[in-house]
Amino acid sequence: MSGAALGLEIVFVFFLALFLLHRYGDFKKQHRLVIVGTLLAWYLCFLIVFILPLDVSTTIYNRCKHAAANSSPPESSNITGLYATATPVPSQHPCFKPWSYIPDGIMPIFWRVVYWTSQFLTWILLPFMQSYARSGGFSITGKIKTALIENAIYYGTYLLIFGAFLIYVAVNPHLHLEWNQLQTIGIAAANTWGLFLLVLLLGYGLVEIPRSYWNGAKKGYLLMKTYFKAAKLMTEKADAEETLEDVMEEVRKVNESIKYNHPLRKCVDTILKKCPVEYQEKMGRNMDDYEDFDEKRNAYPSEKSLVKLHKQVIYSVQRHRRTQVQWQILLEQAFYLEDVAKNETSGTCQFVHTFQSPEPENRFIQYFYNPTIEWYWECLLRPWFYRILAVVLSIFSVIVVWSECTFFSTTPVLSLFAVFIQLAEKTYNYIYIEIACFLSIFFLSICVYSTVFRIRVFNYYYLASHHQTDAYSLLFSGMLFCRLTPPLCLNFLGLTHMDSSISHQNTQPTAYTSIMGSMKVLSFIADGFYIYYPMLVVILCIATYFSLGTRCLNLLGFQQFMGDNDMTSDLVDEGKELIRREKRKRQRQEEGENRRREWKERYGHSREDSTRNRNVHIDPKESNFSDISTNRSSKYTRSNNRNERDRIELLQDAEPLDFNAETFTDDPLESESGRYQPGGRYLSMSRSRIFDDV
């Protein structure tokens, strides 16, 4: 099993990252480089979280092995271990390899590749790809130029910070500039920035995640919150539609002004391809490609304005599509929650849906999740399950807050994470160590990553499920994950006292902390910021518990869901009316479809039978006569239609026409027995001149 656990987790984490990216991204419409960059960033961050418990168990085994070698009998005393001050191993607990043991030399190389790849992504590649994806340029060179200009200030800022660290090290007479120390300074700068943001997100997630499950168990809470979301989403949806109409109007004007032989026509065609299909058809219908752009002295837009318009089209179309999909999903969620509220008072113990699912369910799901089981789960079991889960998560949150405030104390050990790991280390129960480490770091990761998925910075950063996240937000999330994961893992190792800089013991460090270097180069960060700044999580948890951030956003005009607010009540009532209106509309549609289906089932077969009987009882002579007359009429009709088509085709090929009539039709064959007018229109003969040709 040596190295097998590492390989299994590498494969599992890859499919986990791929599944999450498929849920939020769109593999068909988004650029492949955006998908690959985001997938690689998510994959590396998730991989660090899953592999770190294996590193901890392997390190504990190596400590045991070195301690056993140092406490050997006198005749073998010439064997000196690297860590001679380690605690001797009791004889009743011999060292044995854990099932997930990773051979020496693999983990340092693995962590070095993973860490520096993630840092290259978050500080260099992903910001450049973010500006490239957001650019409205029409060529690769133009997009690269725009991305470099936008990132010049970004890169300059971080170079200034790194230069400040270099000056500090150069001025200090006790330090000498070496490559390892420069590497440590860069790692310290990146981890300091990440830890600053990590504590903010962690303080929010430690309170909000247990509270969300506790509120989810309350009757009517989720339904009221869904009504509130419906009112806000309808406002956003209307704003997105209005913005799209304005942008499409600008595109229409540009499309009419720039003709087929204009040098910028290719740019206009690129913009038209990004527009919705219905707008493309409207713009292409009134297009006149035969008019030269030099015939009229019009003010044509510049390439820079077209780049700006292209960027607006991409943004407005993406936002409009996202709001449409989110509205449909929110409607389904609201209808289902209303069904849950109705079924809670029913005594049949059968869950009844108001609307059937448009997609057919799997037979396996229908068999094991029948209406009876669904009623017991939704109406009885799920509220209690959410309450129990909220209590368990609250206990974890209290443990994390306590450990963050006391992890620097080594005598006595006050951090509960360190206590659990040290108890397991005494008995060398590697499975318990790995499970405890995995649950601890997994809970910390959920608190941090879920906040990244929840936060929304206006319309610039927003992770929307069901394939509705744009490229800019996907790349930005990858940047955040790569910056938050290394300080998160260092913070976890500090909570468990596996970091020698925290435990102040001369023991073998983990392979992950060994690549970070010694933080003694920057003592004010290692002994100050890394230890005392995480204590601010207590203040952030208190602020989140009393919803101080939500109240501040309400005061600034950003409506947030609060039960004791008049604005919230108004929006809930508005959302309830919107859901009721959509529900009536869908009910009318289903009733109409049911009536048409019943009418077809009732009268469709009888009509077919009567038609068959009528054809059987027709006189043979009459049928022969009708066939002959039909053949004759069809013969003359075909010849007339052929001549008519030839005449129309000749008229079409004669000269380019200016179709400006209101009654113009796309198919010229629709105008039967029409006359050609000089204005380019085919008009049917009027009643007053019906006998002019007689």
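Residues numbered from 1 in each chain as written. Predicted model: local features only at pLDDT ≥ 70, side-chain atom pairs only at ≥ 80, totals over all residues. Heavy atoms only, no water.

A. Layout of the state of the cysteines. Taken as a whole and judged by the stated rule, the model has zero disulfides. In this structure cysteine 45 is a free cysteine whose sulfur lies 3.8 Å from that of cysteine 482, the closest cysteine sulfur available. With no disulfide of its own, cysteine 349 has cysteine 379 as its nearest cysteine by sulfur position, at a separation of 8.8 Å. According to the relative accessible area criterion, cysteine 349 is partly exposed, its value standing at 23%. (Disulfide = S-S within 2.5 Å. Buried < 20%, exposed > 50% of the residue type's maximum accessible area, 1.4 Å probe, protein only.)

B. Just the packing of aromatic side chains, in detail. Following the criterion strictly, the structure yields 37 aromatic pairs and no others. Judged by centre distance (5.8 Å) and plane angle (20°), the rings of phenylalanine 196 and tyrosine 533 are stacked. Of this pair, phenylalanine 196 sits in helix α5 (residues 179-216) while tyrosine 533 sits in the loop between α17 (523-532) and α18 (537-545), and the two are 337 residues apart along the sequence. Taking the relative accessible area as the measure of exposure, tyrosine 533 reaches 11% and is therefore buried. Ring centres of phenylalanine 407 and phenylalanine 408 lie 6.5 Å apart, and the angle between their planes is 75°; this geometry places the pair in the edge-to-face category. Owing to a relative accessible area of 35%, phenylalanine 408 belongs among the partly exposed residues under this scheme. Ring pairs connect the aromatic residues Tyr24, Trp42, Phe46, Tyr449, Phe453 and Phe481, which therefore count as one cluster. Sitting over the ring of tyrosine 472, arginine 134 keeps its end group 4.7 Å from the ring centre. (Phe/Tyr/Trp six-rings, centres within 6.5 Å; stacked < 30°, edge-to-face > 60°. Helix = DSSP H or I, 4+ residues; strand = E, 2+ residues; numbered from the N terminus. Lys NZ or Arg CZ within 6 Å of the ring centre and 35° of its normal.)

C. Layout of the packing of helix α2 (residues 32-70) against helix α13 (residues 430-454). Contact geometry of α2 with α13 gives a least axis separation of 9 Å together with a crossing angle of 155°. Here α2 lies roughly antiparallel to α13, going by the angle between them. In this structure, the crossing between α2 and α13 has a hand that is right-handed. From α2, Trp42, Cys45, Phe46, Val49, Phe50, Leu52, Pro53, Leu54, Val56, Ser57, Ile60 and Tyr61 reach across to α13, where they touch Tyr430, Ile433, Glu434, Cys437, Phe438, Ile441, Ser445, Tyr449 and Phe453. Taken together, the residues that form the contact of α2 with α13 break down as 18 nonpolar, two polar and one charged. (Axes fitted to C-alpha atoms, helices over the stretch in contact; angles between N-to-C directions. Parallel < 35°, antiparallel > 145°, perpendicular 65-115°, else oblique. Left-handed = near helix turned anticlockwise from the far one by under 90°. Contact = heavy atoms within 4.5 Å. Nonpolar A, V, L, I, M, F, W, Y, C, P; charged D, E, K, R; others polar.)

D. Structural view of a negative patch on the surface. Taken together, the side chains of Glu242, Glu245, Asp246 and Glu250 make up a negatively charged region of the molecular surface. On the secondary structure map, glutamate 250 appears in helix α6 (residues 221-257). Relative accessible area serves as the criterion here: at 40%, glutamate 250 is assigned to the partly exposed category. (Patch = residues over 30% accessible without salt bridge, like charges linked within 9 Å, V, L, I, M, F, W, Y side chains within 5 Å. Areas by Shrake-Rupley, 256 points an atom, 1.4 Å probe, with all protein chains shown as cover. Salt bridge = Lys/Arg side-chain N within 4 Å of Asp/Glu carboxyl O. Lys, Arg positive; Asp, Glu negative; His and termini not counted. Charge placed at Lys NZ, Arg CZ, Asp CG, Glu CD.)

E. Looking closely at the environment of leucine 126. Along the polypeptide, leucine 126 turns up in helix α3 (residues 106-134). In sequence terms leucine 126 and threonine 38 are 88 residues apart; their C-alpha atoms lie 8.2 Å from each other. Leave out the neighbours within four places in its chain, and leucine 126 touches Gly37, Ala41, Leu121, Leu475, Gly478 and Met479.

F. Expanded view of the nonpolar core. In terms of nonpolar packing, the biggest core is built from 98 residues, with Trp42, Trp111, Leu206 and Tyr512 touching the most fellow members. For this core, the leading source of residues is α2, giving 20 residues. What tryptophan 111 contacts, discounting residues up to four positions off in sequence, is Ile48, Ile51, Leu52, Asp55, Ala511, Tyr512 and Ile515. Ile258, Cys267, Ile271 and Tyr279 belong to the second largest nonpolar core, which has 18 residues in total. (Core = buried A, V, L, I, M, F, W, Y, C linked by side-chain atoms within 4.5 Å.)

G. Spatial organisation of the UniProt feature "coiled-coil region" (unreviewed entry) in the protein chain. UniProt's entry tags residues 230-257 with the feature "coiled-coil region" (unreviewed entry), counted in the numbering of this structure. Secondary structure content for residues 230-257 is 100% helix and 0% strand, and the end C-alpha separation is 40 Å. (UniProt positions renumbered as here; feature names shortened; annotations may be inferred.)

H. Representation of the environment of valine 313 within the structure. Within the secondary structure layout, valine 313 lies in helix α9 (residues 303-343). For valine 313, a relative accessible area of 0% gives the class buried. Remark: the alpha-carbon pair of valine 313 and proline 276, spanning 37 residues in sequence, is separated by 9.8 Å. Other than its neighbours up to four places away in sequence, valine 313 contacts Val247, Met248, Val251, Ile271, Lys274 and Cys275.

I. Summary view of the confidence of the model for the protein chain. In this model, the protein chain carries an average pLDDT of 79, and 78% of its residues clear a pLDDT of 70 or more. At the low end of the mean pLDDT range in the protein chain sits strand β4 (residues 682-684), at 36; at the high end sits α18, at 94. Low pLDDT, under 50, characterises residues 620-642; the predicted model gives this stretch one contact beyond four residues in sequence or across chains. In this model residues 646-694 is a low-confidence stretch, pLDDT under 50, and it forms 30 contacts with partners more than four residues away in sequence or in other chains. (pLDDT = per-residue confidence, 0-100.)

J. Focus on α18. For α18, every residue scored as buried is listed here: Val537, Cys541 and Thr544. The buried residues of α18 occupy an angular sector of 65° when the element is viewed end-on, so they sit on one face. Backbone geometry just downstream of α18 places serine 547 in the positive-phi region, at approximately 55°. (Arc of directions from axis to C-beta.)

K. Examining the pattern of salt bridges more closely. The final tally for this structure, using the stated rule, is 14 salt bridges. For arginine 456, the salt bridge is made with glutamate 236, and the minimal N-O distance between the two is 2.6 Å. In this pair, arginine 456 sits in strand β1 (residues 456-457) while glutamate 236 sits in helix α6, placing the two residues 220 residues apart along the sequence. We classify arginine 456 as partly exposed; its relative accessible area is 34%. Across the pair glutamate 332 and arginine 586 runs a salt bridge, and its minimum N-O distance is 2.6 Å. Of this pair, glutamate 332 sits in helix α9 while arginine 586 sits in helix α20 (residues 566-616), placing them 254 residues apart in sequence. Assessed through its relative accessible area of 18%, arginine 586 is described here as buried. Among the charged side chains, a network of salt bridges with common partners joins Glu236, Arg322 and Arg456.

L. Fine view of the side chain of threonine 323. Looking at the secondary structure, you find threonine 323 in helix α9. Residue class for threonine 323 comes out buried when judged on its relative accessible area of 0%. Among all residues touching threonine 323, those that are not within four sequence positions of it are Glu236, Lys237 and Ala240.

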